[in-house]
Protein chains: 2
Amino acid sequence: MYVVVVYDVAVERVNKVKKFLRQHLHWVQNSVFEGEVTLAEFERIKAGLLDIIDEDEDSVIIYKLRSKPIREALGVEKNPIEDII
Amino acid sequence: MYVVVVYDVAVERVNKVKKFLRQHLHWVQNSVFEGEVTLAEFERIKAGLLDIIDEDEDSVIIYKLRSKPIREALGVEKNPIEDII
């Protein structure tokens, strides 16, 4: 499956979340990662995020898609994903 | 179609982008909006964003989906979308 992960976490945990997601997904822009993952990887990502975030304060949303979505980029692409995958 | 819009824009334009997107979509969390739109609305959103952002500096990515995606929320939902739609 393809996932797009967006997060809104307290500043003291931002780098931890970013560093963790970098191991599994492609960084897209500030607070957004995406990538193709297996179900096992998806579960690992979820478990890892739950270890890092404060569930009373932070918010992470994982969009689960069947395949890589159509995306339109306006302005600069901070990290053009077409080049990576 | 259903869109998820994520943006990474210079601080002086953040509020403008947020205010504009609020007129068309549901705020999800910091720098993320989503919602069901017609093709005409989609084009209006794109044109409006291009008016606001600096294309040499800011980045906006619009994920175009056929329908509302499955989403998993970890931690708090800053603005629970189920309640809105």
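Our subject is the structure listed above.
Presented here is a report on the structure given in the accompanying data block. (Residues numbered from 1 in each chain as written. Chains lettered and ligands numbered in written order. Predicted model: local features only at pLDDT ≥ 70, side-chain atom pairs only at ≥ 80, totals over all residues. Heavy atoms only, no water.)

Considerations on the interface of chain A and chain B
This is how the line gets drawn: The contact rule is simple, with two residues in contact once any of their heavy atoms fall within 4.5 Å. Buried area: the accessible surface (1.4 Å probe) lost by two parts on joining, summed over both. A side-chain nitrogen of Lys or Arg and a carboxyl oxygen of Asp or Glu constitute a salt bridge if their distance falls within 4 Å.
Each side of the interface is counted separately: chain A has 35 residues, and chain B has 35 residues. Across the chain A to chain B interface the summed buried area is about 3100 Å²; carbon plus sulfur atoms make up 56%. Together, Tyr63(A), Glu72(A) and Leu74(A) form the three largest contributors to the area buried by chain A at its contact with chain B, with a combined 24%. Summed over the shared surface of chain A and chain B, the number is 4 salt bridges. Salt-bridge contacts for Glu72(A) lead to Lys64(B); the nearest nitrogen and oxygen are separated by 3.3 Å.

Quick notes on the pattern of salt bridges
Note the cut-off: Counting from the N terminus, the helices are DSSP H or I runs at least four residues long and the strands are E runs at least two residues long.
Counting across every chain of the model gives 15 salt bridges over all chains. Ionic pairing is found between Lys46(B) and Glu72(A), a salt bridge with its closest N-O pair at 2.9 Å. Taken together, the residues span two chains, with Lys46(B) in helix α2 (residues 39–52) and Glu72(A) in strand β5 (residues 70–75). One continuous salt-bridge network, built from bridges that share partners, spans Glu12(A), Arg13(A), Glu57(A) and Asp58(A).

Some details on helix α1 (residues 11–22) of chain B
All names here are of chain B. Just so we agree on the cut-off: Expected span, for any helix, means 1.5 Å times one less than how many residues it has. Three labels apply to residues, based on accessible area from a 1.4 Å probe with only protein chains included: buried if under 20% of the type maximum, exposed if over 50%, partly exposed otherwise in between. The arc under discussion is defined with respect to the helix axis, by the directions toward the C-beta atoms.
For α1, built from 12 residues, the straight-helix expectation of 16 Å at 1.5 Å per residue is met to within 8% by its first-to-last C-alpha distance of 17 Å. Looking at α1, one finds that the buried residues are Arg 13, Val 17, Lys 18, Phe 20 and Leu 21. Considered in projection along α1, the buried side chains sweep an arc of 165° and stay on one side of the axis. Residues of α1 that are exposed and point over 90 degrees away from its buried face: Glu 12, Asn 15, Lys 16, Lys 19 and Arg 22.

What to know about the nonpolar core
This is how the line gets drawn: Working definition of a nonpolar core: buried Ala, Val, Leu, Ile, Met, Phe, Trp, Tyr and Cys residues. They are joined through side-chain atoms within 4.5 Å.
Counting 19 residues, the largest nonpolar core has Val5(B), Val17(B), Leu21(B), Leu25(B), Leu49(B), Val60(B) and Ile62(B) as its most contacted members. By residue number, the principal contributor to this core is α2(B), which donates 4 residues. Not counting residues within four places of it along the chain, the set of residues in contact with Val5(B) comprises Leu21(B), Leu25(B), Ser31(B), Val32(B), Phe33(B), Leu49(B), Val60(B), Ile61(B) and Ile62(B). In terms of nonpolar packing, the next biggest core, distinct from the first, is built from 18 residues, Leu25(A), Ile52(A), Ile53(A) and Val60(A) among them.

Observations concerning the sheet that holds strand β1 (residues 2–8) of chain A
Quick note on the threshold: Any two strands with at least two DSSP-identified bridges between them are counted as paired. Axis lines are fitted through C-alpha atoms, for helices just across the contact stretch, and the angle between N-to-C directions can take any value from 0 to 180 degrees.
A sheet is described by the order of its strands in space; here 5 strands give the open sequence β2(A)-β3(A)-β1(A)-β4(A)-β5(B), paired in antiparallel fashion. Of all the strands in the sheet, the pair left with one neighbour each is β2 (26–29) of chain A together with β5 (70–75) of chain B. Across the sheet, the mean angle separating the axes of adjacent strands is 25° when strand polarity is ignored. Sheet analysis places strand β4 (residues 59–65) of chain A next to β5(B), joined by 6 bridges and oriented antiparallel. Bridging across to β5(B), Ile62(A) finds its partner in Glu72(B). Packing against the sheet, helix α1 (residues 11–22) of chain A makes contact with β1, β2 and β3 (32–36) of chain A, and its axis sits at approximately 170° to β1(A).

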